[in-house]
Amino acid sequence: MQLAAAAIGAGINTLCHTAGISVDDVDHLYLAGGLGYHINISKADTSGMFSGVETSHIHAVGNSCLLGLATVSHRLDSLSQRIKDIQQKSHEVILADNNYFQEQFIRHMTY
């Protein structure tokens, strides 16, 4: 749990740092997969897992991949354009090679 909380908290800080924003600027934080299905947000927040993002801005969405596929399957004709739009707005951040992430991970290792 300690490693997971530290990695998630450090990831949030690193993405905000890369985007040039503060965690206070995060309007929505979506938790997907098994974590996003089973987590108690208020309990996890006490560990520092969410780096100070307002708990009211955190949304557990469960299996978002399956939900996304179901949503776009009704509009296959516009799917390739939607993918291009997302690619243009996206920026890849590799956390494994990121010195800022590593510093934040160590900082988050203590509750």
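Heads up: the structure comes first, above all this text.
A few points on the structure. Just so you know, these numbers come straight off a predicted model, no measurement behind them. (Residues numbered from 1 in each chain as written. Predicted model: local features only at pLDDT ≥ 70, side-chain atom pairs only at ≥ 80, totals over all residues. Heavy atoms only, no water.)

**With respect to the side chain of His108**
Part 1 of the reasoning: Mapped onto the elements of the fold, His108 is located in helix α6 (residues 99-108).
Part 2 of the reasoning: His108 gets classed as buried once you look at its relative accessible area, which sits at 11%. (Helix = DSSP H or I, 4+ residues; strand = E, 2+ residues; numbered from the N terminus. Buried < 20%, exposed > 50% of the residue type's maximum accessible area, 1.4 Å probe, protein only.)

**What to know about the pairing of strand β1 (residues 29-32)**
Part 1 of the reasoning: Side chains Leu29 and Leu31 of β1 all project onto a buried face; the interleaved residues Tyr30 and Ala32 project onto a face where none is buried.
Part 2 of the reasoning: In terms of strand pairing, β1 meets strand β2 (residues 58-62) through 4 bridges, oriented parallel. Note that in β2 the partner of Leu29 across the bridge is Ile58. (Pairing = 2+ DSSP bridges.)

**Quick word on the side chain of Thr14**
Part 1 of the reasoning: Relative to the elements of secondary structure, Thr14 occurs in helix α1 (residues 2-19).
Part 2 of the reasoning: Residues in contact with Thr14, not counting those within four places in the same chain, are Val93, Leu95, Asn98, Tyr100, Phe101 and Gln104. (Contact = heavy atoms within 4.5 Å.)

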